[in-house]
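Listed here are the chains, written in short residue letters.
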Amino acid sequence: QVQLVESGGGLVQAGGSLRLSCAASGRTFSNNGMGWFRRAPGKEREFVAAISRSGVMTNYADSVKGRFTISRDNAKNTMSLQMNNLKPEDTAVYYCATWPGISLAVRADEYDYWGQGTQVTVSS
């Protein structure tokens, strides 16, 4: 059974930064690609960022490109999302997820395990 646990969410003012972490267990972490998604109130879940199993390849949604950075530490079984220059429209519950492939995946239905989510609130 794979377990993913997010942490690092909170309340921050616009222009501020947060770093989300995702701790994984139950699957050989370095075998699989991972990603971050978010769901804002009243909206559909949307792709934020993805990283390949090696960490060499990354992909970002246009809305966060240049502000967010995804990374992973396979030795520690963790993945992170550094979020800078946050905007009120970044307010959402953020989820980490893992999928069976080794490269990048941007569709939520490609992912098979999900964390419980962590709330990020950006005030204007």
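What counts, and where the lines are drawn
In this numbering scheme, every chain counts its residues from 1 along its sequence in written order. Local features in this predicted model are restricted to residues whose pLDDT is 70 or higher, and side-chain atom pairs enter the listing and the counts only when it is 80 or higher, whereas totals over whole chains, interfaces and linings include all residues. Hydrogens and water molecules were not included; the side-chain quantities draw on all heavy atoms of the structure. Secondary structure counts use DSSP, requiring at least four H or I residues in a row for a helix and at least two E residues in a row for a strand, with both numbered from the N terminus. Under the scheme applied here, a residue whose accessible area is under 20% of the maximum for its type counts as buried, over 50% as exposed, and between as partly exposed, the area being computed with a 1.4 Å probe on protein chains only. A pair of strands is considered paired only if DSSP assigns at least 2 bridges between the two. Here an axis means a line fitted to C-alpha atoms, over the contact stretch when the element is a helix, while the angle between two N-to-C directions is reported on a 0 to 180 degree scale. What qualifies as a polar contact is a pair of N or O atoms within 3.5 Å, subject to a donor-acceptor requirement within protein and to the restriction that residues adjacent in sequence count only when both atoms come from side chains. Pairs of residues are marked as contacts when any of their non-hydrogen atoms sit within 4.5 Å.

Trainee: Give me unusual backbone geometry: which residues, what numbers.
Mentor: Positive phi, close to 55°, is recorded for Asn77, a residue that is not glycine. By secondary structure assignment, the location of Asn77 is in the loop between strand 7 (68–73) and strand 8 (78–83). Of note in this structure, Asn85 is not a glycine but carries a positive phi near 50°. The topology assignment puts Asn85 in the loop between strand 8 and strand 9 (92–98). You can call Asn85 partly exposed: its relative accessible area is 43%.

Trainee: Outline the sheet that holds strand 1 (residues 3–7), listing residues and values.
Mentor: Judged by pairing direction, the sheet is antiparallel, and its 4 strands sit side by side in the order 1-3-8-7 without closing on themselves. Sheet topology places strand 1 and strand 7 at the edges, where each strand pairs with a single neighbour. Geometrically, the sheet is characterised by an average inter-axis angle of 15° between neighbouring strands, direction not taken into account. Of the strand pairs in this sheet, strand 7 and strand 8 are connected by 6 bridges, and their pairing is antiparallel. Residue Thr69 lies in a different strand from strand 8, and its bridge partner there is Gln82.

Trainee: Talk me through the pairing of strand 1; I want residue IDs and the actual numbers.
Mentor: Residues Leu4 and Glu6 point to one face of strand 1 and are all buried, whereas Gln3, Val5 and Ser7, pointing to the other face, are not buried. The sheet contact formed by strand 1 and strand 3 (residues 18–25) spans 5 bridges and is antiparallel. Of the residues in strand 3, the one forming a bridge with Val5 is Ala23.

Trainee: Could you give an account of the side chain of Thr91, with specific residues and numbers?
Mentor: Looking at the secondary structure, you find Thr91 in the loop between strand 8 and strand 9. Here the side chain of Thr91 touches Val122 through a polar contact of 2.9 Å, landing on its backbone nitrogen.

Trainee: Hey, could you go over the environment of Gln13 for me, with residue numbers and the actual values?
Mentor: Looking at the secondary structure, you find Gln13 in strand 2 (residues 10–13). Exposure remark for Gln13: the relative accessible area of 59% places this residue in the exposed category. Along the chain, Gln13 and Val122 lie 109 residues apart, while their C-alpha atoms are 5.3 Å from each other. Among residues more than four places away in sequence, those in contact with Gln13 are Val122 and Ser123.

Trainee: Talk me through the environment of Lys65; I want residue IDs and the actual numbers.
Mentor: Inspection of the secondary structure assignment puts Lys65 in the loop between strand 6 (58–60) and strand 7. Classification of Lys65 by relative accessible area gives partly exposed; the value is 49%. Remark: the alpha-carbon pair of Lys65 and Ala49, spanning 16 residues in sequence, is separated by 8.9 Å. A polar contact of 3.2 Å, which involves the side chain of Lys65, links it to the side chain of Asp62.

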